[in-house]
Each structure stands twice: as structure tokens, then as C-alpha cells.
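Close look at the chain arrangement
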Amino acid sequence: MPRALITGITGQDGLYLAEFLLGQGYDVHGLLRGQNNPKRDLVEELLPEVTLHNGDLTDMSSLIRALRECDPAEVYNLGAVSFVAYSWENAALTTDVTGKGVLNMLEAVRLHAGDDPSSVRFYQASSSEMFGKVQEVPQRETTLLWPRSPYGVAKVFGHYMTINYRESYGMHASSGILFNHESPRRGQEFVTRKISQAVARIHLGLQDHVTLGNLDAERDWGFAGDYVEAMWLMLQQDVADDYVVATGETHSVREFVQAAFAHVGIDGWERHVRYDERFMRPAEVDQLVGDASKAHRQLGWKPKVGFAELVAMMVDTDIDAFRTGW
Ligand code: NAP
Ligand code: GDD
């Protein structure tokens, strides 16, 4: 039975990836941070087969200990401070976790792997946020990176460190440059979930409006459940590499709002949307759209869930949750 260690197991992608790997017959282990992490119960209830290890990406000795405890064949580094807006308020923390945390994990894996650094395969969760002020449309693996947030800068550091460990030590280290991917498990701070929850509550008469920032920003939104499969496929290749994972379609935040209200049959969505400058960012990423042809060609990966289906899935799940008082 192959064994995998996932950092960020309590997050959206960690949960989907753990489910996917269990389905593939893996023995799945996860890194859990904090002395009393409130999400431990969620993981234990949803995925009782998963073994949890204490550790923090900012503490390399805890990573080495976790690796010794589970001795994995594959490591998926998904842990990060991942909310872009928060990264301006906590730039140093974001740098430590999202940037330097990658170096800590790579070094811990290298030390653990000993004489054969390629014996432990490594996945790094890179991001389309690295393209920032985009220098090419659509963005591909070779597009010049121009990050626009402390989060984006930290991800660029982690991305190049992953490539450097591959080139310096022959590690089987791959980076997935994933474009935005969403689901009913998306954190409430991200715009899609904020919208799907608000629309569900407005539909049920529990709320009147939602307050947002920039409606013009455009994102290439896919379904998280599809994207974790691409992570796994990268680690099944003979040679490690970097891949863009995206749908190739872009939609504005306004279009997401329109689609969510239309799904519950509300016309005149403008009545229910207010603007607050608080949700604007010091520097915005205006438009992201990815070219995933390398992943199509080399991994045989393609997204299955489209934009309209994704919006409907998120709104319907939130309606059910609010109805049942969850
Ligand atoms: P998420 O839901 O915000 O999950 C982040 C995870 O990182 C959580 O499990 C969190 O644990 C963990 N974490 C935070 N600080 C940590 C630390 N100091 N040590 C160890 N773990 C720590 O993010 P996601 O959407 O699943 O994304 C997964 C990864 O993909 C992230 O690296 C993100 O930056 C990247 N990414 C995401 C997208 C996307 O659209 N979702 C796109 C591109 C790249 P707690 O629960 O304890 O806070
Ligand atoms: N969060 C949020 N809240 N965003 C808003 C709001 C609001 O009220 N109003 C407008 N937006 C706009 C943001 O300005 C941004 O342009 C867009 O909605 C998407 O914001 P988020 O959902 O917070 O995601 P993100 O694109 O900044 O970052 C996500 O995707 C990256 C990949 O491109 C995160 O998952 C990152 O971790 C990930 O790397």
C-alpha cells in the first residue's frame, strides 16, 4: 500500500486529496498544526482512516519527526497561509509559512530520503497568483511571473525552491501551478463561497444583501475535486516537472454573482449586492486564464466540472446546509 503525507490536510484541497488517495488504496497521513486544532474533529469524522501527525511548516524539526513517523513515498505540500487579502496584513507570517515553509519541507524530505533523494516524491502547491500582473494571455508554464501580493511573492519563492531542489539534488519534486478551484468546502473568506453562502441565505429569506469589493476581477475557476487528481498524476510520472492546471475559461466576479442569483431564480441581483472599499486590495490581479495543454497532453488530465455546474453545486450545498441548520 503506497503511503502519502499531506500538509494542509484540514484545508479544502487536503480533504479532497485525502479522499482521492484513500480511493486509490493509499495509506494517508496528514500534518496537523496547533495545540488544539479545531479542525481535527472534522478530519477524524470525515476521514477516520487518516493518521494525523503534529507539525508546523515553520518548524523544520517537527516536519522531520512527522516524516520519520510515517515514512511516506509521496509528500503533498498543500499547507499555506492561502488568503491573498490577509497576506498584506501579515506579510511576514505569510512569507514564513507559504514561502519558507516550502524550503523547510523540501529540506526535511531531502534529509529523510538520505542517499536517494528521488525516493520520496514531492508535490508543491504553486499558484496562478504568481502570474499577478499577467505578462501573457493565457498563462502557461513559461509565462514570466509577476506576483502582486505578499502571498504571490511567497509562492514564487516556494515554486523556484522546488525547481532548485529538483535540479540541485535530483529530487522528484513537481509544482502544480493551479488556477482558482472551488467547492462547497471552500473557506468562507474566498469570494465564491462568500457569494454562494449569501445567495443561499437570501434565497431562504435569512439575509438581504451581500457586500463585496471588485466585481470586475476575472478568474479561471474550476472544481477542487478535479484538481487534486492532477496533483496525484504529477507524482506518477517518471520525471518530475511543472504543470499549469486550469479550465481555460475566465469569468468575472460579477458573472459568478449573476449565475448564483440566477440559479435560485432571483432577478435583479443588483438590489442584493453592496460595495465596500474594505474588500478592495492594494494591488489587484485583474484577469487570470490558464493554458493547461501540457497537463492535458502529458498527464491526460482534463477538468470535468464546468462553471455553471460549480456555481450550482456550491449554492445548492449551502441552501441544504442552512435549511438543516448545519
Ligand atoms: P486552505 O483551505 O486555506 O488550506 C490551507 C491549509 O494550510 C490548512 O490545512 C491550514 O491548516 C494549513 N496551514 C496553515 N498554516 C500552516 C502552518 N504553519 N503549518 C502547517 N499547515 C498550515 O487552502 P486550499 O484552498 O486547500 O489550498 C491548498 C494549497 O493550494 C495552498 O497552499 C494554497 O495556497 C494553494 N493553492 C490554492 C488554490 C485554490 O484556488 N484553492 C489555487 C492555487 C494554489 P489550519 O486548518 O490549521 O489552518
Ligand atoms: N475574498 C474576496 N472577498 N474577494 C473579493 C471580494 C470579497 O468580498 N469582492 C471581490 N473580490 C475579488 C478579489 O479582489 C479577487 O480579485 C477575486 O475576487 C478572487 O478573490 P479570492 O476568492 O479571495 O481568491 P484569490 O484569487 O485572491 O486567491 C485564490 O486563488 C489563488 C489562485 O489564483 C486563493 O485560493 C489563493 O490561495 C490561490 O493561490
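See the structure shown above.
Let us look at the structure shown here. None of these values were measured; they are calculated from a predicted model.

Each value, and the rule that gives it
Counting restarts for each chain, with residues numbered from 1 along the sequence as it is written. Both sets of labels track the order of writing: A upward for chains, 1 upward for ligands. The model is predicted, so local features are restricted to residues of pLDDT at least 70 and side-chain atom pairs to those at 80 or more, both for listing and for counting; the totals for chains, interfaces and linings are taken over all residues. Hydrogens are left out, water is left out, and the side-chain values use all remaining heavy atoms of the structure. To be near a molecule or strand, a residue needs just one of its heavy atoms within 4 Å of it. Each polar contact in these results corresponds to two N or O atoms within 3.5 Å; when the atoms are within protein, one needs to be able to donate a hydrogen and the other to accept it, and residues that are neighboring in sequence are counted only if both atoms are side-chain atoms. For the accessible areas, the method is Shrake-Rupley and the probe is 1.4 Å, while residue cover comes only from the protein chains on display. Three classes are used: nonpolar for Ala, Val, Leu, Ile, Met, Phe, Trp, Tyr, Cys and Pro, charged for Asp, Glu, Lys and Arg, and polar for all others, with Gly counted as polar. Segmentation of the chain into domains, including their bounds, is taken from an automatic or database domain assignment. Burial here depends on accessible area, computed with a 1.4 Å probe over protein chains only, as a share of the maximum for the residue type. Under 20% is buried, over 50% is exposed, and the range in between is partly exposed. Secondary structure elements follow DSSP: runs of H or I of four or more residues count as helices, runs of E of two or more count as strands, with numbering from the N terminus. Only strands joined by at least two bridges in the DSSP assignment are considered to pair. When the strands point away from the viewer and the path from the first strand over the helix to the second turns clockwise, the crossover is right-handed.

So, the site of ligand 2
Taken together, 23 residues lie near ligand 2, and Ser82, Ser127, Ser128, Tyr151 and Arg281 sit nearest. A distance of 2.9 Å separates an oxygen atom of ligand 2 from a polar backbone atom of Val191. Bound to the protein, ligand 2 loses 95% of the 720 Å² it would expose on its own. Here the shell around ligand 2 is composed, by residue class, of 10 nonpolar, six polar and seven charged. A domain split of the shell around ligand 2 shows at least three residues from each of domain 1 (3-181 + 222-245) and domain 2 (186-219 + 249-288 + 305-323).

Comments concerning the pairing of strand β1 (residues 3-7)
A large share of β1 lies buried, amounting to four of its five residues. When β1 meets strand β2 (residues 27-32), the two strands line up parallel, connected through five bridges. Considered in β2, the bridge of Thr7 is made with Leu31. After leaving β1, the chain enters helix α1 (residues 12-23) and then returns to the sheet as β2, a path that is right-handed. One ladder, built from four bridges, connects β1 with strand β4 (residues 74-77); its direction is parallel. By the bridge assignment, Ala4 is partnered in β4 with Glu74.

Quick word on the environment of Glu89
You can see Glu89 is positioned in helix α4 (residues 84-89). The spatial distance from the C-alpha of Glu89 to the C-alpha of Ala125 is 22 Å, given a sequence separation of 36 residues.

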